[in-house]
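Residue strings, one per chain:
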Amino acid sequence: MATAADAEVILRLYELRQEEALRRARKFMVFEFNPKNLEELRAVSRNPGTQENAYWRQTVTYWEMAASFVLRGAVDPELFFDSAAEGVLLYAKFHHFHAVTEKESGNPFMRNTAALIERFPAANSLHEMFLKAFGQTKS
């Protein structure tokens, strides 16, 4: 059962999402960055010093931080998923590019978000919905 403290965390996460730099970064990642292959993705994700790479890092780390709050019990999962689906959307949008890299490096893409999807039915349902919207299947 969600508490007033859980609601405070959700409100703070929402306030952070309204910050102008993060809004631009999120817009880029969700709507503008649509790589067709791993090379196009890596041109952004592995190119430090570019604005696009800053957007990549800021957005992914924001959602990984938020996911860690749920995983560590700092916020109620059901309350979180009522208003915070974007991290799962990003995982669904980009994870398939990282499957080979994960096997090679042992470094999972969006590890906390992946754990949410495995652990919580609400996150798994969102993931499946986004995969379908992107024309992908669960790997």
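Here, every reference points to the structure presented above.
A brief structural summary. (Residues numbered from 1 in each chain as written. Predicted model: local features only at pLDDT ≥ 70, side-chain atom pairs only at ≥ 80, totals over all residues. Heavy atoms only, no water.)

1. Some remarks on the pattern of salt bridges
Moving on, step 1. Counted under the stated rule, the structure contains four salt bridges.
Moving on, step 2. The residue Arg 26 makes a salt bridge to Glu 86 at a minimum N-O spacing of 2.8 Å. Placement of Arg 26 in helix 2 (residues 20–32) and of Glu 86 in helix 6 (residues 86–105) is noted, with a sequence separation of 60 residues between them. (Salt bridge = Lys/Arg side-chain N within 4 Å of Asp/Glu carboxyl O. Helix = DSSP H or I, 4+ residues; strand = E, 2+ residues; numbered from the N terminus.)

2. Some remarks on the packing of helix 6 against helix 8 (residues 121–133)
Any two packed helices are characterised by how steeply their axes cross, that is the angle between the axes, and by the distance between the axes.
Moving on, step 1. Between helix 6 and helix 8, whose axes approach to 9 Å, the crossing angle comes to 45 degrees. Classed by the angle they form, the pair helix 6 and helix 8 counts as oblique. Crossing of helix 6 against helix 8: the hand is right-handed. Side by side, helix 6 and helix 8 meet where Val 88, Leu 89, Tyr 91 and Ala 92 of the first sit next to Ala 123, Leu 126, His 127, Phe 130 and Leu 131 of the second. (Axes fitted to C-alpha atoms, helices over the stretch in contact; angles between N-to-C directions. Parallel < 35°, antiparallel > 145°, perpendicular 65-115°, else oblique. Left-handed = near helix turned anticlockwise from the far one by under 90°. Contact = heavy atoms within 4.5 Å.)

3. Details of unusual backbone geometry
Moving on, step 1. Of note, the phi angle at Met 110 is positive, near 45 degrees, even though the residue is not glycine.
Moving on, step 2. Note on placement: Met 110 falls in the loop between helix 6 and helix 7 (111–119).

4. A word on helix 8
Moving on, step 1. Over its 13 residues, helix 8 runs 18 Å from end to end, which matches the ideal 18 Å to within 8%, given 1.5 Å per residue.
Moving on, step 2. Buried within helix 8 we find Ala 123, Leu 126, His 127, Phe 130 and Leu 131. Around the axis of helix 8, the buried residues are gathered within 135 degrees of arc, so they sit on the same side. Helix 8 presents Pro 121 and Lys 132 as exposed residues on the side facing more than 90 degrees away from its buried surface.
Moving on, step 3. Those residues of helix 8 that are buried are in contact with helix 5 (77–83), helix 6 and helix 7.
Moving on, step 4. Remark: Gly 135 follows helix 8 within two positions and exhibits a positive phi of approximately 70 degrees. (Expected span 1.5 Å × (residues − 1). Buried < 20%, exposed > 50% of the residue type's maximum accessible area, 1.4 Å probe, protein only. Arc of directions from axis to C-beta.)

5. Topic: the packing of helix 3 (residues 38–45) against helix 6
Moving on, step 1. Orientation of helix 3 relative to helix 6, taken along the N-to-C sense of each, is 95 degrees, at an axis distance of 10 Å. Judged on the interaxial angle alone, helix 6 and helix 3 are roughly perpendicular. For the pair helix 3 and helix 6, the contacting residues are Leu 38, Leu 41 and Arg 42 in the first and Phe 94, Phe 97, His 98 and Thr 101 in the second.

6. Observations regarding the packing of aromatic side chains
Moving on, step 1. Following the criterion strictly, the structure yields ten aromatic pairs and no others.
Moving on, step 2. Consider the rings of Trp 56 and Phe 94, whose centres lie 5.2 Å apart with planes at 65 degrees: the pair is edge-to-face. Taken together, the residues span a long stretch of sequence, with Trp 56 in helix 4 (residues 51–71) and Phe 94 in helix 6 at a distance of 38 residues. As far as the burial class goes, Trp 56 and Phe 94 line up, both buried.
Moving on, step 3. Through pairs of rings, three or more aromatic residues link up here, namely Phe 28, Phe 33, Tyr 55, Trp 56, Tyr 91, Phe 94 and Phe 109. (Phe/Tyr/Trp six-rings, centres within 6.5 Å; stacked < 30°, edge-to-face > 60°.)

7. Some remarks on the environment of Gly 87
Moving on, step 1. Here Gly 87 is to be found in helix 6.
Moving on, step 2. Between the alpha carbons of Gly 87 and Val 60 there is a distance of 7.6 Å; along the sequence they are 27 residues apart.
Moving on, step 3. When near neighbours in sequence (up to four residues on either side) are disregarded, Gly 87 contacts Trp 63, Met 110 and Thr 113.

8. Topic: the side chain of Asp 6
Moving on, step 1. Note that Asp 6 resides in helix 1 (residues 4–18).
Moving on, step 2. Despite being buried, Asp 6 has no salt bridge partner; Arg 119 is the closest side chain of opposite charge, sitting 13 Å away. (Lys, Arg positive; Asp, Glu negative; His and termini not counted.)

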